[in-house]
Amino acid sequence: MENIPKDKQLILFDGVCNLCNSSVLYVIKRDKENKFLFAPLQSNIGKSITNQFEIDTNKIDSILLYNPVNEKVYSKSTAALHVAKQLNLPTSLMTVFFIVPPFIRNWVYDYVAKNRYKWYGKKEACMIPTPELKAKFLM
């Protein structure tokens, strides 16, 4: 984890999930200030972070946001909203959902996460970034 620059945040995602991969590409396209790095949960860095913070990936298996400055990990809807907050309009408007209590936000989040493979499909292996995007990924 020491190779994560302090001026970046790391988004950990389910590397075989089509919805998650599409979401990563969505963030990359809108991350104009280059604030984020990415890694699959299945990667060495993903396993290192989930082990250090004792995160059971059977319960939280779709998105985590690691901030190396305060050494904090956000999960589920809170992670997604913290990412959205740092992107430009109109995506940053999603932060209005912070007013919704986390147990409600996460119920919706968990419902989508539970059905993501059925609705969006699943890859056989983690996404391999293109040469242009390779610098944004940690493995």
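Thresholds, definitions, all that
- Residues numbered from 1 in each chain as written.
- Predicted model: local features only at pLDDT ≥ 70, side-chain atom pairs only at ≥ 80, totals over all residues.
- Heavy atoms only, no water.
- Helix = DSSP H or I, 4+ residues; strand = E, 2+ residues; numbered from the N terminus.
- Rg over C-alpha atoms; globule rule 2.2 N^0.38 Å.
- Buried < 20%, exposed > 50% of the residue type's maximum accessible area, 1.4 Å probe, protein only.
- Salt bridge = Lys/Arg side-chain N within 4 Å of Asp/Glu carboxyl O.
- Pairing = 2+ DSSP bridges.
- Axes fitted to C-alpha atoms, helices over the stretch in contact; angles between N-to-C directions.
- Contact = heavy atoms within 4.5 Å.

Colleague: So what exactly am I meant to see when it comes to the overall build of the protein chain here?
Modeller: In terms of helices and strands, the protein chain carries 4 helices and 4 strands. Its helices and strands taken in sequence order, the protein chain reads β-α-β-α-β-β-α-α from the N to the C terminus. A globule of 139 residues ought to have a C-alpha radius of gyration of about 14 Å, and the protein chain, at 14 Å, matches this closely. The principal-axis extents of the C-alpha atoms in the protein chain amount to approximately 35 × 30 × 30 Å. Out of the 139 residues in the protein chain, the part that is buried amounts to 44%.

Colleague: Would you mind going over the pattern of salt bridges with me for this structure?
Modeller: Tallying each qualifying case throughout the model produces 4 salt bridges. Across the pair Lys-35 and Glu-33 runs a salt bridge, and its minimum N-O distance is 3.7 Å. Among the ionic pairs, Asp-110 bridges to Lys-76, the shortest N-O distance being 3.0 Å. On the criterion of sequence distance, the pair formed by Asp-110 in helix H4 (residues 102-120) and Lys-76 in helix H3 (residues 76-85) is long-range, its members being 34 residues apart. Overall, Asp-110 belongs to the partly exposed group, its relative accessible area being 29%.

Colleague: Explain the sheet that holds strand E2 (residues 36-40) to me, please; I cannot follow it from the model alone.
Modeller: Two modes of strand pairing occur in sheets, parallel and antiparallel, and in both the strands are linked by backbone hydrogen bonds. Read across the sheet, 4 strands follow the order E2-E1-E3-E4 without closing on themselves; strand pairing throughout is mixed. Looking at strand neighbours, the two that pair on one side only are E2 and strand E4 (72-75), the edges of this open sheet. The mean inter-strand angle of the sheet, taken between neighbouring strand axes irrespective of direction, is 25°. Inspection of the sheet shows strand E3 (residues 63-67) paired to E4 by 4 bridges, in the antiparallel sense. Its bridge partner being in E4, Asn-67 is matched across the sheet by Lys-72. The strands touched by H3 within the sheet are strand E1 (9-13), E2, E3 and E4, with E4 carrying the most contacts at an inclination of about 105°.

Colleague: I tried to follow the pairing of E3 on my own but got confused; where do I start?
Modeller: Across the 5 residues of E3, 5 count as buried, placing the element largely inside the fold. The two faces of E3 match: Ile-63, Leu-65 and Asn-67 on one face and Leu-64 and Tyr-66 on the other face are all buried. By the bridge criterion, 4 bridges tie E1 to E3 in an arrangement that is antiparallel. Each bridged residue has a counterpart across the sheet, and for Ile-11 the counterpart in E3 is Leu-65. Hairpin connection, E3 to E4: the antiparallel pair is bridged by 4 residues, and Glu-71 has positive phi, about 50°.

Colleague: What exactly am I supposed to notice about unusual backbone geometry here?
Modeller: Peptide bonds are trans in most cases, and residues, glycine excluded, mostly fall at negative phi. In this model, Leu-89 is joined to Pro-90 through a cis peptide bond whose omega is 0°. Tracing the sequence through the fold places Pro-90 in the loop between H3 and H4. Even without being a glycine, Glu-71 presents a positive backbone phi close to 50°. Of note, Glu-71 is situated in the loop between E3 and E4. With a phi close to 50°, Lys-76 is a non-glycine residue in the positive phi region.

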